[in-house]
Amino acid sequence: MVFKDKYGHYRFKIVLYGPSLSGKTTMLKILYNKIRGLKKGRLRMVADQSGRTIFFDYLPLKTSGNIFFDLYTVPGQRRHKTQRRLILKGADSVVFVADSDPEALEENIYSIQELRTFLGNEWGEIPIVVALNKRDLPDALPEVMMLRVMRLDGPYPVFKTVAIEGLGVKRVFQEACRLAVLARIFPEAFRREIKILARETRRKLGL
Ligand SMILES: Nc1nc2c(ncn2[C@@H]2O[C@H](COP(=O)(O)OP(=O)(O)O)[C@@H](O)[C@H]2O)c(=O)[nH]1
Ligand SMILES: [Mg+2]
């Protein structure tokens, strides 16, 4: 939910969702370390000894002007379901980070289904940007196959990323931020936009 904080700043909430180890925390680190032209607050991470997120990561980004984007990652392990639901609450856009590793296919499907359930009626209303991550893996699953099995053939912009090298990460967040603002401030323009996105995605998938 976009809201004005006590300083009169508009704040948009962007949530990185996806299975454990798909690269969500890596993406935030890349944004924190590599992105110029944005003022950044402190990156806060709560991880266990193996580096897995146990609560959430948080990174505030300030644009010129009085707009802030608050970025959160969810902990991906199945047992942290309650936390994921809490973190997702009030999201203005969601970045779904899928893992292209063939071994992660089932976890991707579980995670996107859970996201559908959590969003309920808001599915389709809240912008979702899909990042197919780990495209550097020699056995990375084909893009079309991944989107089909996750049933992501709707109005979702899809990007291929290699988070560890920072490839594609900036574009994913530019799109997530842009769509968040559009959906909240210009809902009619957003609805027009997602129709175009849906057509593009279907064309890509050969549907
Ligand atoms: N090969 C490869 N490994 C990645 C990529 N992105 C992240 N990883 C690795 O995947 C593991 C999990 O990443 P992390 O960001 O902690 O995942 P999270 O659980 O989604 O936050 C780490 O060992 C990362 O270095 C990528 O694009 N390619
Ligand atoms: Mg993490």
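These numbers were taken from a predicted model, which means no experiment stands behind them.

Undergrad: Which parts of the structure should I look at to understand the overall build of the protein?
TA: Within the protein, the regular secondary structure consists of 6 helices and 8 strands. Its C-alpha atoms give the protein a radius of gyration of 16 Å, within 12% of the compact-globule value 17 Å for 207 residues. Principal-axis analysis of the C-alpha atoms gives the protein an extent of 45 × 45 × 35 Å. Considering the protein as a whole, with its 207 residues, one finds that 39% of them fall into the buried category. Sequence separation of 24 or more characterises 71% of the internal contacts of the protein that already satisfy a separation of 6 or more.

Undergrad: What exactly am I supposed to notice about the packing of helix 5 (residues 169–185) against helix 6 (residues 187–205) here?
TA: The packing of two helices is summarised by the inter-axis angle and the distance between the axes. Two elements in contact, helix 5 and helix 6, have axes whose closest approach is 5 Å; the angle formed by their N-to-C orientations is 125°. The angle between the axes of helix 5 and helix 6 places the two elements in the oblique class. Every residue of helix 6 that contacts helix 5 at Leu-179, Leu-182 and Ala-183 is listed here: Pro-187, Ala-189, Phe-190 and Glu-193. Taken together, the residues of the contact of helix 5 with helix 6 sort by class into 6 nonpolar, no polar and 1 charged.

Undergrad: So what exactly am I meant to see when it comes to the site of ligand 1 here?
TA: Around ligand 1 sit 20 residues in total, of which Gly-23, Lys-24, Thr-25, Thr-26 and Ala-163 are the nearest. Considering every element that reaches the shell around ligand 1, the biggest residue donor is helix 1 (residues 24–34), with 3 residues. By residue class, the composition of the shell around ligand 1 is 5 nonpolar, 11 polar and 4 charged.

Undergrad: I keep staring at the environment of Val-15 and nothing clicks. Help me out?
TA: Tracing the backbone through its elements, the reader meets Val-15 in strand 2 (residues 10–17). A tally of 25 C-beta atoms within 10 Å means that Val-15 is categorised as buried. As a C-alpha pair, Val-15 and Cys-177 span 162 residues in sequence and 11 Å in three-dimensional space. If sequence neighbours within four positions are ignored, Val-15 has contacts with Tyr-72, Val-74, Ile-87, Leu-88, Ala-91 and Val-94.

Definitions and limits used
- Residues numbered from 1 in each chain as written.
- Chains lettered and ligands numbered in written order.
- Predicted model: local features only at pLDDT ≥ 70, side-chain atom pairs only at ≥ 80, totals over all residues.
- Helix = DSSP H or I, 4+ residues; strand = E, 2+ residues; numbered from the N terminus.
- Rg over C-alpha atoms; globule rule 2.2 N^0.38 Å.
- Buried ≥ 20, exposed ≤ 12 C-beta atoms within 10 Å, placed from the backbone.
- Contact = placed C-beta atoms within 7 Å.
- Axes fitted to C-alpha atoms, helices over the stretch in contact; angles between N-to-C directions.
- Parallel < 35°, antiparallel > 145°, perpendicular 65-115°, else oblique.
- Nonpolar A, V, L, I, M, F, W, Y, C, P; charged D, E, K, R; others polar.
- Near = placed C-beta within 6 Å.

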